[in-house]
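Here's the letter readout for the chains.
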Amino acid sequence: MLRCLWPSFVCFLRSLSGKRKCREEETTIETFEEQKKRAAEYQLTSDLFAGKVFEDLGAAQELCRILLQNDRLVLRSVKSQYVIRNLEKHSIELDILAEDVCGNFINVEIQMYREKAPFKRSRYYRSGIDMSILEKGKPYYRLPDVTVIYLTKEDFIGEKRGCYTICRKLEGQDTTMSLDNGLHEKYYNLEYPTEDMRVNELLRYFRNSEPEYESEIFPRIVERVKFFKMKKEGVAIMCEIADRIRNEGKEEGKEEGRKEGQAIGRIEGKIEDILELLADLGNIPGSIAGRIRQETDPEQLNRWLKCAAKSCSLAEFEANV
């Protein structure tokens, strides 16, 4: 009797195992889809996302060539989220620091939030770079050139231009003499276009970094964006980094109770309030959700919160922001 029932019992166990495996695969697929949605919210305007994309030498070279309008530029190395520590004073963390084959350095900073003193931040950053690259005992003429490229959301200079190049010139003389000290500064913003079509295309892509985008101008950058938004390995990396930063922030807030942590909590609360109001109006597009999640200016979030409360549709909200 038992021998007769045994084959049926084995089949039953196999069927249970198969169903369990299917459920596990479905759960894995669902988890990956959820992770893709999280990764899709990131744009290149996020220093976290940009840091991962541009840690790749090819992508960083495309970026620097376009922003410096120099197709002959060749990079030797690149570092992202690079920390220059100062044990006695204020340390700095550079979004992107690249070195070209001539030994000169390029620092790209992505600052999407409004700050009170962008020029002073730029000044302090370049001084930190100089201190870190000139070895002890070396003469000053051995100091390499440093180019600082500053990308902001708004035109904080206020001349309604998309690009500003800062030069040192002699004042009060009938001359155009340039006093070159090896420091070069360029300031780009997303508010106004530049006179260079390639730069304009790149900066548009910074705002809306779609993985399906195709470009002959910066194919490697697009490839890296697609990797971190569509490929399983890349998506997992982005989600793991985001979770780690969020958890570290929570632990710091618990341990120190700092005012900065409280301010971040208020900002996150406003972001969630806005998204909850918009969710009542329909499925929030990833571009809108990503833009809201990346905003750190409390005043801007307050304006969006009021706009979300008054809007009757997602289209109305998008038109007003």
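Residues numbered from 1 in each chain as written. Predicted model: local features only at pLDDT ≥ 70, side-chain atom pairs only at ≥ 80, totals over all residues. Heavy atoms only, no water.

K.L.:
Just to check I follow, could you spell out the pattern of salt bridges for this structure?
P.N.:
For the structure on display, the rule yields 10 salt bridges. A salt bridge links arginine 220 to aspartate 56; the nearest nitrogen and oxygen atoms lie 2.8 Å apart. Pair noted here: arginine 220 is in helix α6 (residues 219–230) and aspartate 56 is in the loop between α2 (47–53) and α3 (57–68), with a separation of 164 residues, a long-range link. For aspartate 56, a relative accessible area of 15% gives the class buried. (Salt bridge = Lys/Arg side-chain N within 4 Å of Asp/Glu carboxyl O. Helix = DSSP H or I, 4+ residues; strand = E, 2+ residues; numbered from the N terminus. Buried < 20%, exposed > 50% of the residue type's maximum accessible area, 1.4 Å probe, protein only.)

K.L.:
Which parts of the structure should I look at to understand unusual backbone geometry?
P.N.:
Peptide bonds are mostly trans, and most non-glycine residues show a negative phi. Positive phi, normally seen in glycine, also occurs at glutamine 69, with a value near 55 degrees. Using a relative accessible area of 45% as the deciding quantity, one classes glutamine 69 as partly exposed. Here the phi dihedral of lysine 160 falls at roughly 55 degrees; this positive angle occurs in a residue that is not glycine. Residue classification places lysine 160 among the exposed positions, given a relative accessible area of 61%.

K.L.:
Any chance you could explain the packing of α3 against helix α5 (residues 197–207) here in plain terms?
P.N.:
Angle between the axes and distance between the axes: these two values describe a pair of packed helices. The geometry of α3 relative to α5 is characterised by a closest axis approach of 9 Å and an angle of 130 degrees between their N-to-C directions. Put simply, α3 runs oblique to α5. Two packed elements cross with a definite hand, and for α3 against α5 that hand is left-handed. Within the contact between the two elements, α3 uses Leu63, Arg65, Ile66 and Leu67 and α5 uses Arg198, Val199, Leu202, Leu203 and Phe206. (Axes fitted to C-alpha atoms, helices over the stretch in contact; angles between N-to-C directions. Parallel < 35°, antiparallel > 145°, perpendicular 65-115°, else oblique. Left-handed = near helix turned anticlockwise from the far one by under 90°. Contact = heavy atoms within 4.5 Å.)

K.L.:
Hey, could you run me through the packing of aromatic side chains in this one?
P.N.:
The geometry of an aromatic ring pair comes down to the distance between the two centres and the angle between the two planes. Counted under the stated rule, the structure contains 11 aromatic pairs. Between phenylalanine 54 and phenylalanine 206, the ring centres sit 6.0 Å apart and the planes meet at 15 degrees, which makes this aromatic pair stacked. Residue phenylalanine 54 is located in the loop between α2 and α3, and its partner phenylalanine 206 is located in helix α5; the two are separated by 152 residues in the primary sequence. A relative accessible area of 0% means that phenylalanine 54 is categorised as buried. Judged by centre distance (4.9 Å) and plane angle (75 degrees), the rings of phenylalanine 227 and phenylalanine 228 are edge-to-face. Owing to a relative accessible area of 24%, phenylalanine 227 belongs among the partly exposed residues under this scheme. (Phe/Tyr/Trp six-rings, centres within 6.5 Å; stacked < 30°, edge-to-face > 60°.)

K.L.:
I keep staring at the packing of α3 against α6 and nothing clicks. Help me out?
P.N.:
Close contact between α3 and α6 brings their axes to 8 Å; oriented N to C, the two are set at 130 degrees. Viewed along their axes, α3 and α6 adopt a mutual orientation that is oblique. In the crossing of α3 with α6, the sense of the turn from one axis to the other is left-handed. The segment α3 lies against α6, with Gly58, Ala59, Glu62 and Leu63 engaging Pro219, Arg220, Ile221 and Arg224. Of the residues belonging to the contact of α3 with α6, the class tally is 4 nonpolar, 1 polar and 3 charged. (Nonpolar A, V, L, I, M, F, W, Y, C, P; charged D, E, K, R; others polar.)

K.L.:
Help me understand the sheet that holds strand β6 (residues 183–189), please; the structure alone is not making it clear to me.
P.N.:
Ordered by their spatial adjacency, 6 strands build an open sheet running β1-β2-β3-β4-β6-β5, and the pairing between neighbours is mixed. Edge positions in the open sheet fall to β1 (75–84) and β5 (163–166), since each of these has one partner strand only. Adjacent strand axes in the sheet meet at a mean angle of 20 degrees when their direction is disregarded. Pairing analysis gives 4 bridges linking strand β2 (residues 92–100) to strand β3 (residues 105–111), with the strands arranged antiparallel. For alanine 98, the partnering residue across the bridge sits in β3 and is isoleucine 106. Against the sheet, α5 contacts β3, β4 (146–152) and β6, and its axis sits at roughly 65 degrees relative to β6. (Pairing = 2+ DSSP bridges.)

K.L.:
When you look at helix α4 (residues 118–133) in this model, what are you seeing that I'm missing?
P.N.:
Within an α-helix, residues lying three or four positions from one another point in the same direction, as the helix has 3.6 residues per turn. Here α4 is 16 residues long and its end C-alpha atoms lie 23 Å apart, about the 22 Å a rise of 1.5 Å per residue gives. For α4, the set of buried residues is Pro118, Ser122, Tyr125, Gly128 and Ile129. Down the axis of α4, the sector holding all buried residues measures 125 degrees, keeping them to one side. Facing away from the buried side of α4 by more than 90 degrees, the exposed set consists of Lys120, Arg123 and Met131. Buried residues belonging to α4 abut β1, β2, β3, β4 and β6. (Expected span 1.5 Å × (residues − 1). Arc of directions from axis to C-beta.)

K.L.:
Sorry if this is basic, but what is going on with the pairing of β6 here?
P.N.:
Burial runs high along β6: 5 of the 7 residues are buried. Where β5 meets β6, 4 bridges bridge the pair, whose relative direction is antiparallel. Paired with isoleucine 166 across the bridge in β6 is glutamate 185.

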